[in-house]
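Chains, contacts and geometry: an overview
What follows is the residue order along each chain.
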Amino acid sequence: MNGDIRKFIFKDLQTVEGYIDPPDALVFMALLQAQSAHGLSGGIAEIGVFYGRSYFLFKKVCGSTEKILAIDLFDIEQKAGETVTQYRRFIDNGERLNLPVDQDLVISGDSTQLQPDEIVGKIGHTRFFSIDGGHMLHHVSADSMLALSTLAPHGIIAFDDTFNPAWPEVTVGVTDFLRERQHELATFCMTKYKTYVCRRQFHDFYRRIIDDAADLRAFDHVETDFLGSKAVRLHNPIARRMVYEMMVRSGMRALSERVYR
């Protein structure tokens, strides 16, 4: 197993405010490392950076030579009396974790107004594109098309909050996008929060990666049919989640990694 990166996921990464939990962080790690091992190159892009939790995971797994593009409005309202901006906190988190942000590869603006060439020109075609930006239908539709237009043949799109009842338009947007492209795209993995998609010719390859990854053996692997694809749904039993949360709240974050072995 990836001891150093697992320690980072379960300890240091949790000090960055954000929404990627350990199960999906382990999926990211397994997929990115498999791509590298098989020579499947390309840039990495993320819409919806927040304070950088996913971004710094990319940096830790992929190393300093990879091109990682961060896209965000960076306009989160500051608390009363707070002078440090969202962007400044993002930069500071990188310095604190010794994973400095490449500020030449940050786009501060509305992702729905971006053109594919603006991304490809910075990082080339993408091997991994994470979408966690605006959660209204027009955001999801625009971001999905943007990601697909930059994707390398072997690229992956990871959609966040796909079936979160708090954001029903994300469900509509992602489902419509995939249903209209069933001949081209296939879902190979699903978790509580994210849906992982690739081109059909790589479906079996990525499915095997998920099935065989040592760091994902702690989860129940349940086959799920979704829009013509056989996807692995990684089920994280509630008992395990409760133990993990209890350990974190009790100040045992450094040991919480053992829950997911």
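Structure first, text after, so check above.
Let us look at the structure shown here. (Residues numbered from 1 in each chain as written. Predicted model: local features only at pLDDT ≥ 70, side-chain atom pairs only at ≥ 80, totals over all residues. Heavy atoms only, no water.)

All of the buried residues along helix H8 (residues 203-212) are His203, Phe205, Tyr206, Arg207, Ile209 and Ile210. Those residues of H8 hidden inside the fold are in contact with helix H2 (22-37), strand S5 (151-160), strand S6 (185-190), strand S7 (194-199), strand S8 (220-226) and strand S9 (229-235). (Buried < 20%, exposed > 50% of the residue type's maximum accessible area, 1.4 Å probe, protein only. Helix = DSSP H or I, 4+ residues; strand = E, 2+ residues; numbered from the N terminus. Contact = heavy atoms within 4.5 Å.)

Mapped onto the secondary structure, Ser54 falls in helix H3 (residues 53-62). Within the structure, Ser54 has its side chain in polar contact with the side chain of Glu46 (distance 3.5 Å). Discounting residues that sit within four places of it in the chain, Ser54 has contacts with Ile20 and Glu46. (Polar contact = N/O pair within 3.5 Å; in protein donor to acceptor, adjacent residues only side chain to side chain.)

Right, let's talk about the sheet that holds S5 for a bit. The strand order S3-S2-S1-S4-S5-S7-S6-S9-S8 describes an open sheet built from nine strands, whose pairing is mixed. Taken across any chain shown, the strands that pair with only one partner, and hence form the sheet edges, are strand S3 (106-108) and S8. For this sheet, the mean angle separating the axes of adjacent strands, direction not counted, is 20°. Each of S5, S6, S7, S8 and S9 is contacted by H8, which is oriented at about 20° to S9, the strand it contacts most. (Pairing = 2+ DSSP bridges. Axes fitted to C-alpha atoms, helices over the stretch in contact; angles between N-to-C directions.)

Should the charged atoms of two oppositely charged side chains come close, the side chains can pair. According to the stated counting rule, one finds 13 salt bridges in the structure shown. With its nearest N and O atoms 3.3 Å apart, the salt bridge here joins Asp4 to Lys60. Taken together, the residues span a long stretch of sequence, with Asp4 in helix H1 (residues 3-10) and Lys60 in helix H3 at a distance of 56 residues. The exposure class assigned to Asp4 is exposed, which follows from its relative accessible area of 53%. With relative accessibility at 26%, the residue Lys60 sits in the partly exposed group. Put simply, Arg179 and Asp176 hold a salt bridge, and the shortest N to O gap is 2.8 Å. One end of the pair, Arg179, and the other, Asp176, are both in helix H7 (residues 168-179), three residues apart, so they sit about a helical turn from each other. On the basis of relative accessible area, Arg179 is assigned to the partly exposed category, the value being 42%. Linked by salt bridges that have partners in common, Arg88, Asp92 and Glu95 make up one network. (Salt bridge = Lys/Arg side-chain N within 4 Å of Asp/Glu carboxyl O.)

Moving on to the packing of aromatic side chains. Inspection of every chain in the model, using the stated rule, returns 19 aromatic pairs. Relative to Tyr196, the ring of Phe188 lies with its centre 6.3 Å away and its plane at 45°, an arrangement referred to as tilted. The exposure class of Tyr196 is buried, given its relative accessible area of 0%. Ring geometry for Phe202 and Tyr206: centres 6.2 Å apart, planes at 35°, overall tilted. Classification of Tyr206 as buried rests on a relative accessible area of 0%. Three or more aromatic residues joined by ring pairs make a cluster, and in this case those are Phe28, Phe58, Phe128, Phe188, Tyr196, Phe202, Phe205 and Tyr206. (Phe/Tyr/Trp six-rings, centres within 6.5 Å; stacked < 30°, edge-to-face > 60°.)

Glancing now at the nonpolar core. For soluble globular proteins, the rule of thumb is that nonpolar side chains tend to be buried together. Of all hydrophobic cores here, the largest spans 58 residues; its most connected members are Leu31, Phe56, Phe90 and Phe128. A total of nine residues in this core trace back to one element, the largest contributor, which is H2. Every residue in contact with Phe56, bar those within four places of it in the chain, is listed here: Phe8, Leu13, Val16, Tyr51, Phe90, Asn93, Gly94, Leu97, Leu99 and Val101. Of all hydrophobic cores here, the second largest spans 27 residues; its members include Ile71, Ala147, Phe177 and Met190. (Core = buried A, V, L, I, M, F, W, Y, C linked by side-chain atoms within 4.5 Å.)

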